[in-house]
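# Observations on the model geometry
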Amino acid sequence: MTADPLVQLIGVSKTFGEAAAIHEVDLLVERGKTTAIIGPSGCGKSTLLRLIIGLLEPDAGEIIFDGKPLQTDKVESIRRRIGYVIQEGGLFPHLAARGNVLLMARHLGRSEKETLSRLSELCTLARFPENLLDRYPLELSGGQRQRVSLMRALMLSPELLLLDEPLGALDPLVRAALQKDLKEIFGRLEQTALLVTHDLAEAAYLGDVIVLMHEGRIVQRGSLKQLQQNPASNFVSEFINAQRGLVIG
Amino acid sequence: MKCQTPRLVGDLDWLNQSTLDKLHPPIFRFLSLFLIMFSWFPGFLIQSSVLAKEPVVIGSKKFTESYVLGEIAKRQLSDAGISVEHRQGMGGTIILWEALRNGQIDAYPEYTGTIIQEILKRNEPGRADFVENELGKVGIGMTKPLGFNNTYALVMRRDRANALGIRTISDIRKRPDLKFGLTHEFLDRQDGWRPLATAYQLNSRDVIGIDHALGYEALRNGQIDVKDAYSTDAKIAQFDLVVLEDDQEFFPRYDAVFLYRLALNDKTVALLRALEGKIDDSTMTRLNAEAERTKNYTQAANLFFTSTAAPDVSGNSTGLTSQVSRSGLGESFAHKLTRWIVRHLELAGFSLLLSIVIGIPLGIWASRGGGIGHLILGFAGIVQTIPSLALLALLVPLPFFGISVRTAIAALFLYGLLPIVRNTATGLQDIPRTLREAAIALGLSPRARLWQIYLPMASRSILAGIKTSAVISVGTATLAALIGAGGLGEPILSGLNLNDHATILQGAIPAAILALMVQTFFDLLDRVLIPKGLRL
């Protein structure tokens, strides 16, 4: 663990109506590393991401971003330092791939020259053919959409990349190709990333650190090996055993 | 968003921040296009309310005789070189009276009985100088009677009356077996059947209520013997009926006069006064019959000028023939049709513009849900359920509105509001939560989210609302003619009044075609304005 994490959650809780989604969660997101949050559906892992990007406000606790507490009124400028990729991409259907990727750069009035060279760079990085940039989301395949979504998230060179089940809706072959590309991109950019997935193999492949959640709490944090050899509870063993067949290496 | 989900931080303050910037979504382009198209409208509004004071404006009520008298006044003034406009069939007494008092019209034909009972609200017959005095207090003058008394009367078939020896209403007492067919209004009126029966001691009579037009048929077939009528009804001559003499002078006099604004210039007043005593009962009956036969009020009015010594104050009768032919022909059909259509489009277009400019922001507001959202949608919904006629009637007495194009536009605007408000709200609410969140998470400002993401994504729904509203406007604009605002309702209304299907169709067919064209126009507009990505 480094002394200076990019994001730190201290005792964060969030309640929806009767049911509590997050209970007093403490979490560190280390710089330059990929933290993979894993757990069964409804364990609160997506809620964590939405709290960090300010889509939700915590009921209790504190979120520190780059050494400063997250404040509701300044959240917009923080959001611009974070890239956010969701399942199915979240691309705006009325904008072509190019329009989606360039949306924020244009909004912030970045120079056209600068943005276009960045766009070309991102196409190479995300292996997205430049000749498809004028296509609309509905004219792209699921994998292509996720690549565009990733490019949009990376456009402003964010300090933090949040990925919420980014590959959840893709078929296995496309998924495997994208996993490989993501790993390469994270490595090349030394990207700080927080990935939410329910797939242990994906978490193990992409994550430097795995955080296992259950019913709104973090039950264990460590490498896959630590989780396998030193499970913190029965749930950890059960969760890992249930997916064992899938874990290679 | 479902109730369980918490509200998104920062998503609900679209309208409060001001960082509107460069991108122009289609809706925005559409609005500017529309604004340019109709930017000349304010001029047109001013024109109808202020500049239109230039010509003398004659009004008339919604029945044949009033139309004909209006045309006579128009001809009388225009023959003397005065610029004059006749706003036909504007409605009933109260509408005409208010329009006269507010200066929206300068003169209109009225009846003394109506002036006393409905305008001055007196029960007893007033003396002429008293009536003039009362009217003078509100700046209105009255001509002397034009020469005919269009009162209620009882009529019988001439052969039957002769055979029974009935000449006066008192004579009816001799024949208790006569069958009466009376209009429902006459049965209910203060000066109608019951007091009449009391005054003439016509007890225990065989009376049925029957529609006015059907009553004439029944009289002709001998199913009834006596019916009520207006003493100048064209049918009296047509069916060879006799008016029974009101020997006890029960019916108040309904002498036709012109009411005019005292502010009117002397020459115009002198010309109207020159008509005093010039139109007797039989002349008026004949002119009414002519109007109903030819379906042409101008022609009926011209008959008055050709068949009588025209009350031409200038004494210039040599130029009459050429003028007869000119005003007899009136304006060409093509010219009339163009005038109707242009006015119709002005009414529908301007009200639609208002509905868009006000409806979209209201829809955005309503899309946030909550109490205000329900209030806005509820209000727009309630307005929609008010019958259009009632809405017009509600607006007319309000200070700013009255009998004017403004009122018609206001009513059409209110009607057009709901589809736009509702579709805007629905379109925005239907945007998937994930995309809303994506827009927020990117760090777009609330205003940029609205203009660059939400409105374009809702554009299909918003445009559908505008389309519905446009078609409603074009259809409903026909009602504007009821308050003299013109448009294609004009021929429909006079056709209804004359029971003349050809005239009705002159308005109805172009109105239907217009609605179809508007629909097609907006279908084409969809292709330009809905972003391509949403049309795949």
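So, here's what we can say about the structure. If you're wondering where the values come from, they're calculated on a predicted model, not measured in any experiment.

## A few points about the overall build of chain A
Across its full length, chain A carries 9 helices and 10 strands. When the 249 residues of chain A are sorted by exposure, 45% land in the buried category. Long-range pairs, those at least 24 residues apart, make up 68% of the contacts in chain A with a sequence separation of at least 6.

## Comments concerning the pairing of strand β1 (residues 56–59) of chain B
Residue and element names in this part refer to chain B. Neither face of β1 is open: one carries Val56 and Ile58, the other Val57 and Gly59, and all of them are buried. For β1 and strand β2 (residues 84–87), the ladder comprises 4 bridges, and the chain directions are parallel. Opposite Val56, over in β2, you have Val84 as the bridge partner. In this fold, the crossover linking β1 to β2 by way of helix α3 (residues 64–79) has right-handed handedness.

## Some points on helix α4 (residues 93–101) of chain B
Of all the positions in α4(B), only B:Ile95, B:Leu96, B:Trp97, B:Ala99 and B:Leu100 are classed as buried. In the core, the buried residues of α4(B) are packed alongside β1, β3 (107–111), α5 (112–119), β4 (140–142) and β10 (256–261) of chain B.

## Quick look at the environment of B:Gly349
All names here are of chain B. Of note, Gly349 is situated in helix α16 (residues 333–367). What makes Gly349 buried here is the crowd of 21 C-beta atoms within 10 Å. Considered as a pair, Gly349 and Ala470 are 121 residues apart in the sequence and their alpha carbons are 7.8 Å apart.

## Topic: the sheet that holds strand β10 (residues 217–222) of chain A
Residues and elements named next belong to chain A. As summarised here, the arrangement of the 6 strands in space is β6-β7-β8-β3-β9-β10, forming an open sheet in which the pairing is mixed. Either end of the sheet is taken by a strand with one partner, and the two such strands are β6 (82–86) and β10. Across the sheet, the mean angle separating the axes of adjacent strands is 15 degrees when strand polarity is ignored. Relative to strand β8 (residues 192–197), strand β7 (residues 160–164) runs parallel, the two sharing 5 bridges. From the neighbouring strand, Leu163 faces β8, where its bridge partner is Leu195. Along the sheet, helix α5 (residues 142–154) contacts β6 and β7; its crossing angle with β6, the most-contacted strand, is approximately 165 degrees.

## Points about the pairing of β6(A)
Residue and element names in this part refer to chain A. Of all 5 residues in β6, 5 are buried, a share of seventy percent or more. Every second residue of β6 is oriented toward a common face, with Ile82, Tyr84 and Ile86 on one face and Gly83 and Val85 on the other, all of them buried. Across 5 bridges, the pairing between β6 and β7 is parallel. From the neighbouring strand, Ile86 faces β7, where its bridge partner is Asp164.

## Focus: the interface of chain B and chain A
Each partner contributes residues to the interface: chain B has 24 residues there, and chain A has 27 residues. Only α20 (433–442) and α21 (446–476) of chain B provide two or more residues apiece to the side of chain B that touches chain A. The biggest single contributor to the side of chain B that touches chain A is α20(B), with 7 residues. For the side of chain B that touches chain A, the per-class residue count stands at 16 nonpolar, 6 polar and 2 charged.

## Describing the sheet that holds strand β7 (residues 206–209) of chain B
Residue and element names in this part refer to chain B. Read across the open sheet, the 5 strands follow the order β7-β6-β8-β5-β9; overall the sheet is mixed. Each of the sheet's edge strands pairs with one partner strand only, and the pair in question is β7 and β9 (241–243). With direction set aside, neighbouring strand axes in the sheet form an average angle of 35 degrees. With 3 bridges connecting them, strand β5 (residues 152–157) and β9 associate as antiparallel partners. Each bridged residue has a counterpart across the sheet, and for Val155 the counterpart in β9 is Val243.

## Some details on the packing of helix α3 (residues 97–107) of chain A against α5(A)
Residue and element names in this part refer to chain A. Axis separation between α3 and α5 bottoms out at 7 Å; the angle between their running directions is 20 degrees. With respect to α5, the element α3 is oriented roughly parallel. When the axes of α3 and α5 are compared, the crossing they make is right-handed. Counting all contacts with α3, which are made through Ala97, Asn100 and Val101, the residues of α5 involved are Val148, Met151 and Arg152. Looking at the contact of α3 with α5 residue by residue, the class counts come to 4 nonpolar, 1 polar and 1 charged.

## Quick look at the environment of B:Val383
All names here are of chain B. For Val383, the position within the fold is in helix α17 (residues 370–385). A sequence separation of 31 residues divides Val383 from Leu414, and the C-alpha atoms of the two residues are 6.8 Å apart. Aside from chain neighbours lying at most four places away, what touches Val383 is Leu414, Leu417 and Leu418.

Analysis parameters
Residues numbered from 1 in each chain as written. Chains lettered and ligands numbered in written order. Predicted model: local features only at pLDDT ≥ 70, side-chain atom pairs only at ≥ 80, totals over all residues. Helix = DSSP H or I, 4+ residues; strand = E, 2+ residues; numbered from the N terminus. Buried ≥ 20, exposed ≤ 12 C-beta atoms within 10 Å, placed from the backbone. Contact = placed C-beta atoms within 7 Å. Pairing = 2+ DSSP bridges. Right-handed = clockwise from strand over helix to strand, strands pointing away. Axes fitted to C-alpha atoms, helices over the stretch in contact; angles between N-to-C directions. Nonpolar A, V, L, I, M, F, W, Y, C, P; charged D, E, K, R; others polar. Parallel < 35°, antiparallel > 145°, perpendicular 65-115°, else oblique. Left-handed = near helix turned anticlockwise from the far one by under 90°.

These results come straight from atomic positions and should not be treated as a statement about function.
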